[in-house]
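# Descriptive analysis of the structure
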Amino acid sequence: MFKKIKTILVLIGFVLTLQSLFAQRQTYNFNSDWQFKTGEIEGAEATTFDTQGWTQVTLPHAYNQEEAFLKAIDEHSTGIVWYRKNFILPEDAKGQKIFLEFEGIRQGGTIYVNGKQVGLHENGVMAFGLDVSDIVVFDGKPNSIALRIDNDWHYRQRSTNATYRWNNINFNANYGGIPKNVFLHVTDKLYQTLPLYSNLKTTGVYVYATDFDIPQAAATIHVESEVKNEYDTPKTFQYSVAVFDLDNKKVAEFSGDETKLAPGEHTMVSAAQRLGDLNFWSWGYGYLYTVKSMLKVEGNVIDEVSTKTGFRKTEFKEGKVYLNDRVLQMKGYAQRTSNEWPAIGMSVPAWLSDFSNRMIVEGNGNLVRWMHVTPWKQDIESCDRVGLIQAMPAGDAEKDSQGDHWKQRTNLMRDAIIYNRNNPSIVFYESGNDAISEPHMAEMKSLRDTYDPYGGRAIGSREMLDSREAEYGGEMLYINKSARIPMWATEYSRDEGMRKYWDEFSPPFHKEGDGPLYKGEPATSYNHNQDRHAIEDVIRWHDYYEARPGTGHRVSSGGVNIIFSDSNTHYRGEQNYRTSGEVDPMRIPKDGFFAHQVMWNGWVDTEEHGTHMLGHWNYKPGTQKDFYVVSTGEKVELFINGKSQGFGKKAYSFLFTFEDLRFEPGNVKAVSYDAEGRILSTAEKTTAGTPHSIRLKRLEAQLPFKADGADVALFEVEVVDKDGQRCPLDNSKIEFELDGPATWLGGIADGPDNYIESKVLPVENGVNRVMIQSTTQAGSIKIKAKASGIKNASIELDSEAFETQNGLASVLPGADLPSYLDRGPTPKTPSFSWKRKPVFIRSAQTANEEDEPYLSYDDNELTEWRNDGQEKTGWITYTLAKEAEVNECVIKLTGWRRKKYPLRILAGDEVLFEGESWQSLGYITIPLKTVKTDEITVQLAGAQKEEDGFNDIVEVDPNKELDLFKDDKAAAAKGQLRIVEIEFYEKL
């Protein structure tokens, strides 16, 4: 009998050994069954702690997320919060490695498992990992996890007592607790590590491509993994890779060398193979592959990691950005990294991240510059899917850092690069929200070169105009050009305006610019109506468009408008949140969204023509006003009820103004033509009738509504006339009723508490949106909407059961979301045509031999040539590299937004231009009388004037030199001629 029992035990042990040897990695959704409670709670880390009365939530969930847009950023709740949950590990996890992955907590937190402290994480931004293999229990026994988190604005790093500069009350909305996803990983003891350097000190898997052949759709695919052996015996394994396309079809399989690892040893292993017929990731073409890297022992897979990634070729040269061998001018938005929504903050489901980020692409934006801190992994993966390029910062406030603050920044950049280096949408690493020193730039660059040497990403910083280390740069507001590294504006058009205000002629008849004072001064730029806000967008983009690739040897690589969606951050207008967005907090477009959609429709030059009319066509009879059209055509004609109103006055490349247009009910149509009179595009608006009914529809209705306690359904509510046309002047209050297993989140509107979570919500300009959140109970849900005097509406949907067991779920957030491929692969045609031909400067001469005239054409915007302040020395003569028929001079004059220089430009004795320069945000183009010459003189023709041409330019540091070399003596030095950069051109 004893012998029989011994045999059975041996067999059981053999089976368990096999089970362990051939076990596959499992990654679980660890978001369910959490509880939280605010305040300092003694002993809350204990396994048996009683959590009666705690709030039940599903992650991601910030404990104060309901305050989003309810409270101003500086009023967000802060302090201590505890999160807890219990969980039971699967039977087959025994003897395996157990890791926890947090995508991030805010701000600093201590983590306990089964009552023991297992980690500390403090930067409030990045993901981190924990190895809890030796602390958890198995065999169906419960485990507990508890986090004590402090989101104080002044939180200090425990080891140094240093604050975190990016934990900032102006720009980093403070959604405290665990506002991001959490995962639990079960792996074999011979395993590929996780890309979580904080705590674990591991780097994971790295996938990259080299030797691109874009015409032949080929590249060499490399896969590398850090592998650890935590067995007490040596292990020999084969490293294998399988590549699957977007349809989950295997397109390649290849292997690396066989490797032997001693106990406790770790090493890097790799494999590579050249692949053809590749679909390259591109703007608006989020084509992704799944790369499975496997460890095989005796032919059996014991560890497999799936990495979703894309392959694309990038180059940064000649002042341009190349994507898959095609030049792309950067067009997009500087967006707050919180990317929040009302009443839920940043903790939205993955599909809602796609909805928001895809709108940028649909609006013809190609770049999002996340501001100040590393974005949430969910947003990064979303940009992969929708085909939206990202600039990824680490952590920063403003200006350079020193000491412990600098160490915090470099450590965060290291962690962010390791965690996000397989995401193809990240094309730029941002080292600072302002200029940093060359040694610091070199240090950041060394991190990129160490952890992501082949990812095809440029690393740079805001400013860095003359850096030899940075690989891109660009100022916040001004126009920069380069023939070397790309220069793109990091934040432009910083004005604000509420969606509620059409113009001065529409209810509630808001006077343009009217609003509370900001810092004791009128704040017109922060209180725009929609029409003026959109016009400012056009005016600002025009400067970048004028300097786009194809316009010369030195070009602008574009810029990003701040911000995409209204944000619960630092504000200057009448609301308690920032209204600079081109969409409102519910992502309802303002006119500026459509203006950009027209202007940005192309990689560089316009590729698809478009027209948008600002405003509506529902004015009071007899109203007479300026009417504005944004269009890509050379001229635009307007028709009212079929009768031509003539052609609009063109300005700023895209804006057409029809002055003193008299409103007539009916139809207004804008027709855009090319120079030869061919129709390029049209747009129409029709007068809506009186409000008749409510229309209620679910957006993204094809997606399931999961009963996981975290999913969201989004609904649009409109007031329409009897024909179903939206009534653009209606601001009716809608009363909602919700029945079924869901929680009301609501929307936002101007009024008491911004109507956050209210079931009474006005539409603004005929439209608004509301949200509900699922509970953990599946069932039928009904929403009713009613308003006085119009027909009511209702809508029904069902929430689907979400399976979770013992605190674990197998369905991962966002795993089932499709890629957005609507723009198609990178076109093979050129993205721009040459507009003019540069005439290069060979040398220059001035009145003083000690001068350095080369500084006026050295491709460096932080240098200038200037005379000694006397009018008689206010000239510079340029000798051209060849005789040419010069017809344009492009010049950046010091004090560009303040000074007007009286200039005379000559070829010998012949005057090519005489007049006053005008203020700008950088360069001006001066038309010249066309002559054939090899020598041009620029001469000061009198005393210049100094006055601010942009009195209401927004949010510039008053202590910073606004115009590069502005100084106290400049206004008095009437004989100064100061040139930052000058260029000459001839016709093609």
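Residues numbered from 1 in each chain as written. Predicted model: local features only at pLDDT ≥ 70, side-chain atom pairs only at ≥ 80, totals over all residues. Heavy atoms only, no water.

The cut-off we apply is this: UniProt positions are given in the numbering used here, feature names are shortened, and annotations may be inferred rather than shown by experiment.
Looking at an unreviewed UniProt entry, the protein chain carries the name Beta-galactosidase, with the source organism given as Leeuwenhoekiella blandensis. The record held by UniProt for the protein chain lists under Sequence similarities (unreviewed entry) the comment "Belongs to the glycosyl hydrolase 2 family."

## Brief notes about the overall build of the protein chain
Put simply, the test is: The numbering of helices and of strands both runs from the N terminus, where a helix is a DSSP run of H or I of at least 4 residues and a strand a run of E of at least 2. Think of it in three bands: residues with accessible area under 20% of the maximum for their type are buried, residues over 50% are exposed, and the middle band is partly exposed, with areas taken using a 1.4 Å probe on protein chains only. Areas reported here follow the Shrake-Rupley algorithm with a probe of radius 1.4 Å; residue values treat only the protein chains shown as occluding. Asp and Glu count as negative and Lys and Arg as positive, but His and the ends of the chain are not part of the count. To locate a charge, take NZ of a lysine, CZ of an arginine, CG of an aspartate or CD of a glutamate.
What the protein chain contains, in helices and strands, is 7 helices and 57 strands. Oriented by its inertia axes, the alpha-carbon framework of the protein chain measures out at about 120 × 75 × 55 Å. Out of the 988 residues in the protein chain, the part that is buried amounts to 62%. Approximately 37100 Å² of the protein chain is accessible, and the part contributed by carbon and sulfur atoms is 47%. Considering the protein chain, the positive charge centre built from 112 side chains and the negative charge centre built from 144 side chains are found 2 Å apart.

## Points about the pattern of salt bridges
Opposite charge on two side chains makes pairing possible when the charged atoms of those side chains draw close. Worth spelling out the cut-off: Basic side-chain nitrogens of Lys or Arg form a salt bridge, by our definition, when they fall within 4 Å of a carboxyl oxygen of Asp or Glu.
With the rule as written, the count across this model stands at 63 salt bridges. For Lys590, the salt bridge identified is with Asp566, shortest N-O distance 2.9 Å. Taken together, the residues span a long stretch of sequence, with Lys590 in the loop between strand S30 (558-562) and helix H7 (591-599) and Asp566 in the loop between S30 and H7 at a distance of 24 residues. Each of Arg369, Glu398, Glu430, Asp434, Arg462, Glu491 and Arg494 takes part in salt bridges that share partners, so that together they form one network.

## Some points on the environment of Val327
Condition: In what follows, residue pairs with any heavy atoms lying within 4.5 Å of each other are defined as contacts.
Structurally, the position occupied by Val327 is in strand S23 (residues 326-327). A relative accessible area of 6% places Val327 in the buried class. Taking the C-alpha atoms as reference, Val327 lies 24 Å from Glu634; in sequence the two are 307 residues apart. The contact partners of Val327, leaving out residues within four places of it in the chain, are Lys320, Val321, Tyr322, Pro549, Trp603, Val604, Ser831 and Phe832.

## A closer look at the UniProt feature "domain: DUF4982" (unreviewed entry) in the protein chain
This chain's UniProt record puts "domain: DUF4982" (unreviewed entry) on residues 622-678. As annotated, residues 622-678 has a helix share of 0% and a strand share of 65%, and its two end C-alpha atoms lie 33 Å apart.

## A few points about the nonpolar core
In plain terms, the rule: Take the buried Ala, Val, Leu, Ile, Met, Phe, Trp, Tyr and Cys residues and link them wherever side-chain atoms come within 4.5 Å; each set so joined is a nonpolar core.
Residues Trp341, Leu352, Phe428, Val630, Leu714 and Met771 are the most contacted members of the largest nonpolar core, which totals 92 residues. Beyond its immediate sequence surroundings of up to four residues, Met771 is in contact with Trp341, Pro342, Ile344, Leu352, Met586, Val712, Ala713, Leu714, Trp744, Leu745 and Gly746. Of all hydrophobic cores here, the second largest spans 33 residues; its members include Phe99, Met126, Met392 and Met441.

## Observations concerning helix H5 (residues 438-451)
Definition in use: Expected helix span is computed as 1.5 Å times (number of residues minus one). Think of a polar contact as two N or O atoms within 3.5 Å of one another; within protein, one of them needs to be a possible hydrogen donor and the other a possible acceptor, and neighboring residues in sequence only count if both atoms come from side chains.
Under the 1.5 Å per step criterion, the end-to-end length of H5 is 20 Å for 14 residues, consistent within 8% with the ideal 20 Å. The inward-facing, buried residues of H5 abut strand S14 (205-213), helix H4 (403-420), strand S27 (426-430) and strand S28 (458-460). Near the N-terminus of H5, the side chain that reaches the backbone nitrogen of His440, with its oxygen 3.2 Å away, is that of Ser437.

## Observations concerning the packing of H4 against H5
What counts, and what does not: Each axis is a line fitted through C-alpha atoms, taken for helices only over the stretch in contact, and angles between the N-to-C directions span 0 to 180 degrees. For classification purposes, angles smaller than 35 degrees are called roughly parallel, those larger than 145 roughly antiparallel, those between 65 and 115 roughly perpendicular, and all remaining angles oblique. The crossing is said to be left-handed when, going from far helix to near helix, the turn is anticlockwise and less than a right angle, and right-handed when the turn is clockwise. The residue classification treats Ala, Val, Leu, Ile, Met, Phe, Trp, Tyr, Cys and Pro as nonpolar and Asp, Glu, Lys and Arg as charged. All others, Gly included, are polar.
Here H4 crosses H5 at 25°, and the two axes come no closer than 9 Å. Between H4 and H5, the crossing angle belongs to the class labelled roughly parallel. Here H4 runs over H5; the crossing is right-handed. Side by side, H4 and H5 meet where Trp406, Arg409, Thr410, Met413, Arg414, Ile417 and Ile418 of the first sit next to His440, Glu443, Met444, Leu447, Arg448 and Tyr451 of the second. The class makeup of the residues in the contact of H4 with H5 is 7 nonpolar, 2 polar and 4 charged.

## Examining the pairing of strand S47 (residues 793-801)
Spelled out, the test is: One bridge is not enough; two strands pair if DSSP finds at least two bridges between them.
Pairing between strand S40 (residues 705-707) and S47: 3 bridges, direction parallel. The residue of S47 that forms the bridge with Ala707 is Ala801. Where strand S46 (residues 779-786) folds back onto S47 in an antiparallel hairpin, the turn is made up of 6 residues, including Gly789, whose phi is positive at roughly 85°.

## A closer look at the environment of Gly473
Within the secondary structure layout, Gly473 lies in the loop between S28 and strand S29 (489-492). Separated by 16 residues in the primary sequence, Gly473 and Ala489 have C-alpha atoms spaced 7.9 Å apart.

## Some thoughts on H7
The buried count for H7 comes to 7 of 9 residues, which makes it a mostly enclosed element. Taken together, the buried positions of H7 are Asp591, Gly592, Phe593, Ala595, His596, Val598 and Met599.

## Points about the sheet that holds strand S1 (residues 26-29)
Backbone-to-backbone hydrogen bonds pair the strands of a sheet. The strands run either parallel or antiparallel. Pairing is antiparallel across the open sheet formed by 4 strands, whose spatial order is S1-S12-S6-S9. The two strands at the open ends of the sheet, each matched to only one other strand, are S1 and strand S9 (128-131). When strand polarity is set aside, the average angle formed by the axes of neighbouring strands in this sheet is 20°. Sheet analysis places strand S6 (residues 97-102) next to S9, joined by 4 bridges and oriented antiparallel. Residue pairing for S9: Glu101 is matched across the bridge by Gly129.

## A word on the packing of helix H6 (residues 530-546) against H7
The geometry of H6 relative to H7 is characterised by a closest axis approach of 8 Å and an angle of 30° between their N-to-C directions. When the axis of H6 is compared with that of H7, the two are roughly parallel. The interaxial crossing formed by H6 with H7 has right-handed handedness. Here Gln530, Ala534, Asp537, Val538 and Trp541 of H6 come into contact with H7, specifically with Asp591, Gly592, Ala595, His596 and Met599. Residue composition of the contact of H6 with H7, by class: 5 nonpolar, 3 polar and 2 charged.

## Let's talk about the UniProt feature "domain: Beta-mannosidase-like galactose-binding" (unreviewed entry) in the protein chain
When the UniProt feature table is mapped onto this chain, "domain: Beta-mannosidase-like galactose-binding" (unreviewed entry) is found at residues 81-168. The distance from the first to the last C-alpha atom of residues 81-168 is 19 Å, and the span holds 0% helix and 42% strand.

## Notes on the sheet that holds strand S16 (residues 235-244)
On the basis of which strands lie adjacent, the open sheet formed by 4 strands has the order S17-S16-S19-S20 and antiparallel pairing. The open sheet has two free edges, formed respectively by strand S17 (250-261) and strand S20 (300-309), since each of these has just one partner strand. For this sheet, the mean angle separating the axes of adjacent strands, direction not counted, is 20°.

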